[in-house]
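For reference, the chains in residue letters:
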Amino acid sequence: MNKKIFLMACLMLLSAVMPIYAQQRKRPFSPQDFVKHLESFIVREACLTPTEATDFFPIFHEMHDKQRGINWKIRELKKRSLPADATDKDYYNIIEEINDLKVESAELESSYYKKMCKVVPAKKVHAAIKAEDRFHRRMLRKFSDRHGQQHKK
């Protein structure tokens, strides 16, 4: 009888520990893997040939690197705390700087899309833009679902 109780207790303990072990095995976020999956998704969705992908992605990544720098500046401006005696003009200047950076980002995007269209047909550039948006939405949904499940436990 004691062996049966011991066996049942071990099985119950094992079933309680397995979900914890499975959670620990999840790999942390890897930017390299993210980029690899993004590129694969875009290649598949935009039907890029290997040559087109080789020509397209350096331009694509260069644009995003530059935009990341601009977005960082925008975030810093939004977080900036002005002194208590700051005037409306001081706040307006920050708003203007943010707006100028957004315009710069849009102009940068426009110039890079033109570069992309020189190496890949515009139809495929458009498909790549749409694919990137879909990929990000899917990743956000996947992260939200996983994040929500962790909080429900």
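Residues numbered from 1 in each chain as written. Predicted model: local features only at pLDDT ≥ 70, side-chain atom pairs only at ≥ 80, totals over all residues. Heavy atoms only, no water.

## Some details on the packing of aromatic side chains
Consideration 1: All chains considered together, the criterion is met by 5 aromatic pairs.
Consideration 2: Aromatic pair Phe41 and Phe135: ring centres 5.7 Å apart, planes at 45°, arrangement tilted. Here Phe41 is found in helix H2 (residues 31-46), whereas its partner Phe135 is found in helix H5 (residues 122-152), with 94 residues between them in sequence. Judged on exposure class, the residue Phe41 and its partner Phe135 are both buried. (Phe/Tyr/Trp six-rings, centres within 6.5 Å; stacked < 30°, edge-to-face > 60°. Helix = DSSP H or I, 4+ residues; strand = E, 2+ residues; numbered from the N terminus. Buried < 20%, exposed > 50% of the residue type's maximum accessible area, 1.4 Å probe, protein only.)

## Considerations on the side chain of Glu132
Consideration 1: Tracing the sequence through the fold places Glu132 in helix H5.
Consideration 2: Despite its burial, Glu132 pairs with no opposite charge, the nearest such side chain being Arg68 at 8.2 Å.
Consideration 3: Residues in contact with Glu132, not counting those within four places in the same chain, are Leu38, Ile42, Phe60 and His64. (Lys, Arg positive; Asp, Glu negative; His and termini not counted. Salt bridge = Lys/Arg side-chain N within 4 Å of Asp/Glu carboxyl O. Contact = heavy atoms within 4.5 Å.)

## Overview of empty space enclosed by the protein
Consideration 1: For the coordinates displayed, the defined rule picks out 1 cavity of 30 Å³ or more.
Consideration 2: Estimates place the volume of the largest cavity at around 40 Å³.
Consideration 3: Lining the largest cavity we find Phe56, Phe60, Met63, His64, Tyr113, Met116, Val125, Ala128, Ile129 and Glu132.
Consideration 4: Elements supplying a minimum of two residues to the lining of the largest cavity: helix H3 (50-79), helix H4 (88-119) and H5.
Consideration 5: Taken together, the residues that form the lining of the largest cavity break down as 8 nonpolar, 1 polar and 1 charged. (1 Å grid on protein atoms, 1.4 Å probe; cavity = no way out; pocket = protein on both sides within 12 Å on 5 of 7 lines; lining within 4 Å. Points joined across faces, edges and corners; volume = space filled by probe spheres on them. Nonpolar A, V, L, I, M, F, W, Y, C, P; charged D, E, K, R; others polar.)

## Observations regarding the pattern of salt bridges
Consideration 1: Overall, the coordinates contain 7 salt bridges when judged by the stated rule.
Consideration 2: Between Glu97 and Arg80 there is a salt bridge; the shortest N-O distance is 4.0 Å. Here Glu97 is found in helix H4, whereas its partner Arg80 is found in the loop between H3 and H4, with 17 residues between them in sequence.

## Describing the packing of H2 against H3
Consideration 1: Two elements in contact, H2 and H3, have axes separated by 12 Å at closest approach and are oriented at 130°. Looking at the two axes, H2 sits oblique to H3. In this structure, H2 meets H3 at a crossing whose hand is right-handed. In this structure, H2 uses Val35, Leu38, Glu39, Ile42 and Val43 to contact H3, whose residues at the interface are Ala53, Phe56, Phe57, Phe60 and His61.
Consideration 2: Its residues assigned to classes, the contact of H2 with H3 shows 8 nonpolar, 1 polar and 1 charged. (Axes fitted to C-alpha atoms, helices over the stretch in contact; angles between N-to-C directions. Parallel < 35°, antiparallel > 145°, perpendicular 65-115°, else oblique. Left-handed = near helix turned anticlockwise from the far one by under 90°.)

## Quick word on the layout of surface pockets
Consideration 1: The volume enclosed by the second largest pocket comes to roughly 180 Å³.
Consideration 2: Forming the boundary of the second largest pocket are Phe34, Val35, Leu38, Phe60, His61, His64, Asp65, Arg68, Glu132 and His136.
Consideration 3: Elements represented by at least two residues in the lining of the second largest pocket include exactly H2, H3 and H5.
Consideration 4: Sort the elements by how many residues they give to the lining of the second largest pocket and H3 lands first, with 5 residues.
Consideration 5: Classifying every residue of the lining of the second largest pocket gives 4 nonpolar, 3 polar and 3 charged.

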